[in-house]
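Structural overview
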Amino acid sequence: LERYRPRLAQLVAPASSETQRAARQELERGLGGLLGQAPAVADAASVTGAVLVGTPDSLPQIRRLGLDLDGLGDEGYLIRSVQLDGRAATVVAANSDVGALYGGFHLLRLLQARQPIDALDLRQSPKVKLRVLNHWDDLNRHVERGYSGQSIWDWHRLLDWLDPRYTDYARANASIGINGTVLNNVNANAQILTPMYLDKVEALAGVMRPWGIRVYLSARFSAPMEIGGLQTADPMDPAVQRWWREKAAEIYARIPDFGGFLVKANSEGQPGPQD
């Protein structure tokens, strides 16, 4: 790994948003661990061996390079070896902070695999828009068909305790491009949609957000009856429709980037239209 050090002596990455800070911290941590010494962090590329990570809006150096970012979308990225003011540099450029984060992880993977980085010219963007993990985790921390112990989500201790593993979970998923997580079992408990639990969901969404991950919830079909006090859960009933509209509005007011609902109906005896 010694051959990488001259090209990775300095890291130029903005930190004005949560996602930008996440990308910079990940690169500092990753490069420091791989090379035995973290790169110097600077606002401008002034020495040979700079890594620049950002967007044309967040880094003027990237804007000056005039890189072609068309077709990359919001989550794609470009990694290229360039000359900047007569000095060698490696640039990770994207149209969004999340794209730059993904590109930073890709650069770290190249180093971990000991790939050459002196003539990089890579473009990548996701082929699948929704890349979501579906947890079959219950509110009591039991995991249906789980074989690795309790659920990572400690609902009892949220909000007072945000386990550092939540952040590690977000980091690990972002490193492979996961952009969504369904927090609870498809065999859902309607209580997840009550204000007490939505407070906890909101806190988890705040942990996931810097890493480009949206939270989703499994919604129990019969929730309008179980927690809404209605006599039916028939989705053709106007009162039921109104209840779901209001519940969705409540969630989006708390979590503007809420991913949406997963609904399991009638399968394995769950409530659904056949009832």
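Look above for the structure.
The notes below deal with the structure included here. Predicted model only: the values in this text are computed from it and were never measured. (Residues numbered from 1 in each chain as written. Predicted model: local features only at pLDDT ≥ 70, side-chain atom pairs only at ≥ 80, totals over all residues. Heavy atoms only, no water.)

**A few points about the pattern of salt bridges**
A full pass over the atoms with the stated rule returns 15 salt bridges. Between Glu75 and Arg131 there is a salt bridge, and its shortest N-O distance comes to 2.9 Å. One end of the pair, Glu75, is in the loop between α2 (60–65) and β4 (77–84); the other, Arg131, is in the loop between β6 (121–124) and β7 (132–134), and 56 residues separate them in sequence. In this structure, Glu250 and Lys247 form a salt bridge, with 3.0 Å as the shortest nitrogen-oxygen distance. Taken together, the residues Glu250 and Lys247, both in helix α7 (residues 238–254) and three residues apart, mark about one turn of the helix. The exposure class of Lys247 is buried, given its relative accessible area of 8%. When salt bridges that share partners are traced, they join Glu26, Arg29, Asp168 and Arg171 into one network. (Salt bridge = Lys/Arg side-chain N within 4 Å of Asp/Glu carboxyl O. Helix = DSSP H or I, 4+ residues; strand = E, 2+ residues; numbered from the N terminus. Buried < 20%, exposed > 50% of the residue type's maximum accessible area, 1.4 Å probe, protein only.)

**Section: the packing of aromatic side chains**
Tallied over the full model, the rule gives seven aromatic pairs. Arranged with centres 5.5 Å apart and planes meeting at 45 degrees, the rings of Trp153 and Tyr166 form a pair that is tilted. Residue Trp153 is found in the loop between β7 and α4 (164–175), and its partner Tyr166 is found in helix α4; the two are separated by 13 residues along the sequence. Here Trp153 and Tyr166 have matching classes, each one buried. Taken together, Trp243, Trp244, Tyr252, Phe258 and Phe261 form an aromatic cluster joined through their ring pairs. Lying across the ring of Tyr197, Lys200 places its NZ or CZ 5.9 Å from the centre. (Phe/Tyr/Trp six-rings, centres within 6.5 Å; stacked < 30°, edge-to-face > 60°. Lys NZ or Arg CZ within 6 Å of the ring centre and 35° of its normal.)

**What to know about the pairing of β4**
Along any regular strand the residues' side chains alternate between the sheet's two faces. In terms of strand pairing, β4 meets β6 through four bridges, oriented antiparallel. Pairing of Tyr77 across the sheet is with Gln124, part of β6. The pairing of β4 with strand β5 (residues 87–93) spans seven bridges and is antiparallel. Paired with Val82 across the strands is Ala89, a residue of β5. The antiparallel hairpin formed by β4 and β5 contains two residues in its connecting segment, where Asp85 sits at a positive phi of about 55 degrees. (Pairing = 2+ DSSP bridges.)

**Let's talk about the environment of Glu26**
By the element assignment, Glu26 lies in helix α1 (residues 18–35). Relative accessible area serves as the criterion here: at 8%, Glu26 is assigned to the buried category. Sequence separation between Glu26 and Gln83 is 57 residues, and the spatial gap between their C-alpha atoms is 24 Å. Ignoring any residue separated from it by four or fewer positions in sequence, one finds Glu26 in contact with Phe105, Leu108, Arg171 and Trp211. Among the polar contacts made by the side chain of Glu26, one reaches the side chain of Arg171 at a distance of 2.7 Å. (Contact = heavy atoms within 4.5 Å. Polar contact = N/O pair within 3.5 Å; in protein donor to acceptor, adjacent residues only side chain to side chain.)

**With respect to the sheet that holds strand β2 (residues 40–42)**
Strand order in the open sheet formed by six strands is β2-β1-β3-β5-β4-β6, with mixed pairing between adjacent strands. Taken across any chain shown, the strands that pair with only one partner, and hence form the sheet edges, are β2 and β6. Sheet twist, expressed as the mean angle between neighbouring strand axes with direction ignored, is 25 degrees. The strands that α1 touches are β1 (10–12), β2 and β3 (50–54); relative to β1, the one it contacts most, it runs at about 170 degrees. Each of β3, β4, β5 and β6 is contacted by helix α3 (residues 97–112), which is oriented at about 75 degrees to β4, the strand it contacts most. (Axes fitted to C-alpha atoms, helices over the stretch in contact; angles between N-to-C directions.)

**Brief notes about the sheet that holds strand β10 (residues 260–262)**
Spatially, the four strands line up as an open sheet ordered β7-β8-β9-β10, and their pairing is parallel. Across the chains shown, the open sheet's two edge strands, defined by having one partner strand only, are β7 and β10. Between one strand axis and the next, the sheet turns through 25 degrees on average, direction left out of account. For strand β8 (residues 180–182) and strand β9 (residues 214–218), the ladder comprises three bridges, and the chain directions are parallel.

**Describing the layout of surface pockets**
Where empty space is left can be seen by rolling a probe of water-molecule size over the atoms. Empty space within the largest pocket amounts to approximately 480 Å³. Around the largest pocket sit 17 residues that line it, and Glu75, Val98, Asn179, Gly212 and Arg214 are the ones nearest its centre. In terms of lining, the second largest pocket is formed by 13 residues, of which the most central are Tyr77, Tyr102, Gln124, Ile176 and Gly177. Mapped onto the lining of the second largest pocket, the elements with two or more residues apiece are α3 and α4. Tallied by class, the residues present in the lining of the second largest pocket amount to six nonpolar, four polar and three charged. (1 Å grid on protein atoms, 1.4 Å probe; cavity = no way out; pocket = protein on both sides within 12 Å on 5 of 7 lines; lining within 4 Å. Points joined across faces, edges and corners; volume = space filled by probe spheres on them. Nonpolar A, V, L, I, M, F, W, Y, C, P; charged D, E, K, R; others polar.)

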